[in-house]
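For reference, the chains in residue letters:
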Amino acid sequence: MSEEIRSIKISVRSLVEFILCSGDLDNTRARSDADAMQAGSKLHRKLQKQMGANYQAEVSLAITVPVTRNDIDFELMIEGRADGIIDNRSIREDFSRLIFEEEEANPPEYIIDEIKGVYMDLSYMSGPVGVHRAQAMCYAYIYAKQKDLKRIGIRMTYANLETETLRYFEETLSYEELSAWFDHLVEEYAKWAAWQIKWAEKRNKAIKALDFPFEYREGQKELVTGVYKTILRKKKLFIEAPTGVGKTISTVFPAVKAMGEGLAEKIFYLTAKTITRTVAEDTFKILGENGLNLKAVTITAKEKVCILDKPDCNPGSCPRAKGHFDRVNDAVYDLLTHENDISREHLLSYAEKHCVCPFEMGLDVTLWSDAIICDYNYVFDPNVYLRRFFANDKPGEYVFLIDEAHNLVDRAREMYSAVLYKDDFLEVKRLLKDKSSKLVKLLEHCNNDLLKLRRDCDEFEVLENADGFCMHLMSLMTEYELFLQEGVIFEGKEEILGLYLNIRHFLNIYELYDDNYTIYTDYEEDRFRIKLQCMDPSKNLHTCMERGRSSVLFSATLLPINYYMEQLGGSKEDYAVYAPSSFLPENRLIMIGNDVSTKYSRRSEQEYLKILHYIKEFTAAKTGNYMVFFPSYQLLQTVAELAGQELPGLVIQSNSMTEEEKELFLEEFVEDPVNTRIGFCVMGGIFSEGIDLKNNRLIGAIIVGTGLPMVCNERELFRGYFDRKNNNGFEYAYLYSGMNKVLQSAGRVIRTKEDRGAILLLDERFSQRQYYSLFPREWFPNVTVNIKTMKGVLEDFWKQDETRE
């Protein structure tokens, strides 16, 4: 039996962008990839419909090239979709003939058309963008080879997104020219493909021999199997997994196994916080210590790896920006072929060796990595998602492991929303006063639009649409693009670029505008603004997840599961599981204080004193470390002031703490404390999620209130929207968000099998079905107490410790 021929697939766009990318990193110039914008796709379709019967739109083309490199025989499968192919055979006086004036007597039979939408003034274009021409040449070669053509035309059609004016760049190429050029392109890529095949064989061999690195906990094997089957069946899986289940290893391990079976091309481990990225890194390291060969890279924020005090990516500010793209491929290949571990330290070292930007190099390394650990943004955010993976219409064999998925609802709503502030237009107008009269005039038009909207807005105003304003924004963007293309270093660069990017995002989001959006104007700290608010992110998230094979979304607080499945883009065909807790129920005491309330209508000094009394009694029952979580800084400060010196060992979370201040705060919670330590914190803040105070570093938590967000215009907008949609306005706008904060805060107490701790839920509403129906299973049974009975219940619970000792 002959050996199966190995193959590598790559899109035409990815191939040319990777091999032919060159030049400087430069944030002072407008981006040239505006064709990736939503508006561009609409104009594509419009132009294609106008082209006539001899124009075939969206033609799929592919070619398989046999390659031998480094003693490895393989096939390179190159595929893509041409925007259009013009057939000149059946026409004589056609527009497409006129553009080839120098060969009017003998135009090519076929012309490959590549359409790009841009904002810039087309009269300033002296020629096509290199990678756009290269894409057209690839399609031309493939089509000419298939049709046995001796010559073929290529045309780059540039369309201004505002005016819809067109400009063409065209040429006729012989098959011999195209063949020589294409062979060189393939030869340049061959060394990368050969390395990829050799590495994949080594990786897959190690994966097949890999066993689960721990003894399975109760229910964990079933969870691992469920994740694998989800990937196999190309579905989504939503996992409610309490602390202690081992959800990270239970999702990573089966995803790695699926990769070894050829089911997954890449694993994306997506997180919202640095702490969970560290857990993911540690998990891959554990698998590596057990024999796994796998290249995992973490995308680190630009600010944390930049060699400058503040990122400023242009040759005038950064020595590595000049010629970055000329050197970066060599840097990546050097790293891949000399290091198994793609650590942050290795990235920084090789970036320095080759004088390239470590952040941009890290992004390029993801192309060759097996696993990518990164923030949600790199998959879901329309501004920063990794276009190298997700810009093509064809989905990849990607597995998305989405940690702390409860955070994604609010994050996605913000990602798919956009806002513009009136005073930003005035500030940029001032900065450009003597630099561009035309740009200043267009800024004035937009400012006048906002001025009219402000006159109609006393406090908060919902708009039917923003069509007129967006037309003026598009006119502004055309001139903005031209101004930025000049690349002048000027005063106020940050503000000028910032407004440009914000307008571009606003226009992109407006292209998505539908029933899932609301447009409104209001004032944020006296700054007038217009906002495109994404009310329901499920459609956008679903579209993003469809770019991959399978998604696994997990959290310790994914309740109610139906709400999260709906908001996070799930469907009736997808799966949901509740992983059983591995902790003993007798190690956790859940109490509900039913004689106190934090409702706004009930707040008074009497209620605050009652809360303080509960805190004293709760923390006096046993020497140890405690956290008290409040729904707001205001309530926290009020109770802290009432406490005065009555709570020894009190430490208080402050607003906007630095990383160093956060670490110092947590260091107060030592193991085996001699004296009691009490931390006042805020629900939903930095200490209510993602911290791990194991053993007896934290033995109790008090949750003051239900965590419901403050009533405000935006929240009421959500309430009205979901009342109209499914009659669950209060639940979607307030209840589920608040209770998730409660569950996360309470989850700080029990972190290991050996931990014991008490949790006090301090609000009478926790006794109401609407609230306790959202408790996880492991919170039952619980005990209802009042200020008089709590002490006895606590004493009985802590006595169990004494009997064990």
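Here's a quick rundown of the structure. Residue positions are given per chain, counted from 1 along the sequence in the order it is written. Residue-level local features of this predicted model are given only where pLDDT is at least 70; pairs of side-chain atoms are given and counted only at 80 or more, and the full residue set underlies all totals for whole chains, interfaces and linings. To obtain the side-chain values, all non-hydrogen atoms of the structure were included, while hydrogens and water were left out.

1. Things to note about the overall build of the protein
Part 1 of the argument: The helix and strand tally for the protein stands at 28 helices and 24 strands.
Part 2 of the argument: A globule of 805 residues ought to have a C-alpha radius of gyration of about 28 Å, and the protein, at 30 Å, matches this closely.
Part 3 of the argument: In terms of principal-axis extent, the alpha carbons of the protein reach across some 100 × 75 × 50 Å.
Part 4 of the argument: For the protein, the proportion of its 805 residues judged to be buried stands at 55%.
Part 5 of the argument: Carbon and sulfur atoms make up 47% of the accessible area of the protein, which totals about 35,900 Å².
Part 6 of the argument: Lys and Arg are tallied as positive, Asp and Glu as negative. Neither His nor the chain termini are counted. Where a charge lies is defined by one atom per residue type: Lys uses NZ, Arg uses CZ, Asp uses CG and Glu uses CD. Of the charged side chains in the protein, 101 are positive and 127 negative; the average position of the first set lies 3 Å away from that of the second. Only DSSP runs of H or I reaching four residues or more are called helices, and only runs of E reaching two or more are called strands; each is numbered from the N terminus. C-alpha atoms define the radius of gyration in this analysis, and the globule rule sets the expected value at 2.2 Å times the number of residues to the power 0.38. When accessible area is computed with a 1.4 Å probe and restricted to protein chains, residues below 20% of their type maximum are described as buried, those above 50% as exposed, and intermediate ones as partly exposed. Only the protein chains shown count as cover for residues, with accessible areas throughout obtained via the Shrake-Rupley method and a probe of 1.4 Å.

2. Topic: the environment of Gly130
Part 1 of the argument: Looking at the element boundaries, Gly130 is found in helix H4 (residues 130–147).
Part 2 of the argument: C-alpha of Gly130 to C-alpha of Cys21: the two residues are 109 residues apart in sequence and 8.7 Å apart in space.

3. Brief notes about the pattern of salt bridges
Part 1 of the argument: What counts as a salt bridge is simple: a side-chain nitrogen of Lys or Arg found within 4 Å of a carboxyl oxygen of Asp or Glu. Tallied over the entire structure, the rule returns 42 salt bridges.
Part 2 of the argument: Lys46 serves as the salt-bridge partner of Glu164, at 2.8 Å between the closest nitrogen and oxygen. Linking Glu164 in the loop between strand S5 (151–160) and strand S6 (166–174) with Lys46 in helix H2 (residues 38–50), this pair joins segments that are 118 residues apart in sequence.
Part 3 of the argument: The exposure class of Lys46 is partly exposed, given its relative accessible area of 40%.
Part 4 of the argument: Measuring nitrogen to oxygen at the nearest pair gives 3.9 Å for the salt bridge that ties Asp375 to Arg277. Taken as a pair, Asp375 in strand S10 (residues 371–375) and Arg277 in helix H8 (residues 274–289) lie far apart in primary sequence, 98 residues in all.
Part 5 of the argument: Using a relative accessible area of 15% as the deciding quantity, one classes Arg277 as buried.

4. Some thoughts on the sheet that holds strand S22 (residues 700–704)
Part 1 of the argument: Whether two strands pair depends on DSSP finding at least two bridges between them. Pairing in this open sheet of seven strands is parallel, and the strands run S20-S21-S19-S22-S23-S18-S24 from one edge to the other. Looking at which strands have only one partner, the edges of the open sheet turn out to be strand S20 (650–652) and strand S24 (783–785). Going from strand to strand, the sheet's axes swing by 20° on average, the running direction of each strand aside.
Part 2 of the argument: Looking at chain direction, S20 and strand S21 (residues 677–682) are connected through three bridges and run parallel. Paired with Leu650 across the strands is Ile678, a residue of S21.
Part 3 of the argument: We call two residues in contact when some of their heavy atoms are within 4.5 Å. Note on geometry: axes are C-alpha line fits, over the in-contact stretch for helices, and angles between N-to-C directions span 0 to 180 degrees. Against the sheet, helix H23 (residues 633–643) touches strand S19 (625–630), S20, S21 and S22, its axis set at about 150° to S21.

5. Some points on the packing of helix H10 (residues 324–338) against helix H12 (residues 358–365)
Part 1 of the argument: The contact between H10 and H12 brings their axes to 10 Å, and the two run at 55°. As summarised for this structure, H10 and H12 are arranged oblique, according to the angle between their axes. In this structure, H10 meets H12 at a crossing whose hand is right-handed. Along the contact surface, H10 presents His324, Val328, Ala331, Val332 and Leu335, while H12 presents Glu360, Met361, Asp364 and Val365.
Part 2 of the argument: Throughout this entry, Asp, Glu, Lys and Arg are counted as charged residues, while Ala, Val, Leu, Ile, Met, Phe, Trp, Tyr, Cys and Pro are counted as nonpolar. The remaining residues, Gly among them, count as polar. Looking at the contact of H10 with H12 residue by residue, the classes come out as six nonpolar, one polar and two charged. Note on terminology: angles under 35 degrees are roughly parallel, angles over 145 are roughly antiparallel, angles of 65 to 115 are roughly perpendicular, and the others are oblique. Crossing handedness follows the turn of the near helix against the far one: under a right angle anticlockwise gives a left-handed crossing, and clockwise gives a right-handed one.

6. Digging into the nonpolar core
One recurring pattern in soluble globular proteins is that nonpolar side chains are buried together.
Part 1 of the argument: Formed by 199 residues in total, the largest nonpolar core has its most connected members in Tyr189, Met361, Phe380, Phe425 and Met627.
Part 2 of the argument: Element by element, the count of residues in this core is highest for helix H5 (residues 175–208), at twelve residues.
Part 3 of the argument: Phe425 has contacts with Leu420, Leu443, Cys446, Asn447, Leu450, Phe469, Leu473, Leu476, Leu499 and Ile503, leaving out every residue within four places of it along the chain.
Part 4 of the argument: In terms of nonpolar packing, the next biggest core, distinct from the first, is built from 35 residues, Val252, Ala255, Ala258 and Ile373 among them. Here, the term nonpolar core denotes a set of buried Ala, Val, Leu, Ile, Met, Phe, Trp, Tyr and Cys residues that are joined through side-chain atoms within 4.5 Å.

7. Quick look at a negative patch on the surface
Part 1 of the argument: Patch members must show over 30% relative accessible area and no salt bridge, and they are joined within 9 Å when carrying like charges or within 5 Å when they are nonpolar side chains of Val, Leu, Ile, Met, Phe, Trp or Tyr. Among the surface-exposed residues, Asp456, Asp458, Glu459 and Glu461 lie close enough to one another that they form a single negatively charged patch.
Part 2 of the argument: With respect to the helices and strands, Glu461 occurs in strand S13 (residues 460–463).

8. What to know about helix H1 (residues 12–20)
Residues spaced three or four apart along an α-helix face the same direction, because each turn holds 3.6 residues.
Part 1 of the argument: Regarding H1, the residues found buried are Val12, Arg13, Leu15, Val16, Phe18 and Ile19.
Part 2 of the argument: Contacts from the buried residues of H1 go to strand S1 (6–11), strand S3 (72–87), H4, H5 and H10.

9. Considering unusual backbone geometry
Part 1 of the argument: Cis geometry is found at the peptide bond from Leu559 to Pro560, where omega equals -5°.
Part 2 of the argument: Here the amide bond leading from Phe780 into Pro781 is cis, since omega sits at 0°, within 30 degrees of zero.
Part 3 of the argument: As for its position among the elements, Pro781 is in the loop between helix H27 (769–772) and S24.
Part 4 of the argument: The residue Asp148 is not glycine, and still its phi comes out positive at about 55°.
Part 5 of the argument: With respect to the helices, strands and loops of the structure, Asp148 is situated in the loop between H4 and S5.
Part 6 of the argument: When its relative accessible area of 69% is taken as the criterion, Asp148 is described as exposed.
Part 7 of the argument: With a phi angle near 50°, Glu525 is a residue other than glycine that sits in the positive phi range.
Part 8 of the argument: Mapped onto the elements, Glu525 comes out in the loop between strand S14 (517–524) and strand S15 (527–534).

10. Regarding the packing of helix H22 (residues 605–620) against H23
Working note: a packed helix pair is described by the angle between its axes plus the distance between those axes.
Part 1 of the argument: Between H22 and H23, the least distance of the axes is 10 Å, while the angle of their chain directions is 75°. Between H22 and H23, the angle falls in the class roughly perpendicular. Contacts from Glu605, Tyr608, Leu609, Ile611, Leu612 and Ile615 of H22 reach H23 at Leu635, Thr638, Val639, Leu642 and Ala643.
Part 2 of the argument: The class makeup of the residues in the contact of H22 with H23 is nine nonpolar, one polar and one charged.

11. Observations concerning the sheet that holds strand S11 (residues 398–402)
Part 1 of the argument: With parallel pairing, the seven strands of this open sheet are ordered in space as S9-S10-S8-S11-S16-S7-S17. Two strands in the sheet have a free side with no partner beyond their single neighbour: strand S9 (296–298) and strand S17 (575–578). The average undirected angle you get between the axes of adjacent strands in this sheet is 15°.

12. Notes on helix H6 (residues 220–232)
Part 1 of the argument: Multiply 1.5 Å by the residue count of a helix minus one, and that product is the helix's expected span. The first and last C-alpha atoms of H6 sit 18 Å apart over 13 residues, in line with the 18 Å expected at 1.5 Å per residue.
Part 2 of the argument: Every buried residue of H6 is accounted for by Gln220, Leu223, Val224, Val227, Thr230 and Ile231. The buried residues of H6 occupy an angular sector of 125° when projected down its axis, which confines them to one face. In H6, the exposed positions angled more than 90 degrees off the buried face are occupied by Lys221 and Glu222.
Part 3 of the argument: Immediately beyond the C-terminal end of H6, within one or two residues, lies Lys234, with a positive phi of roughly 60°. To obtain the arc, one takes the directions from the helix axis to the C-beta atoms.

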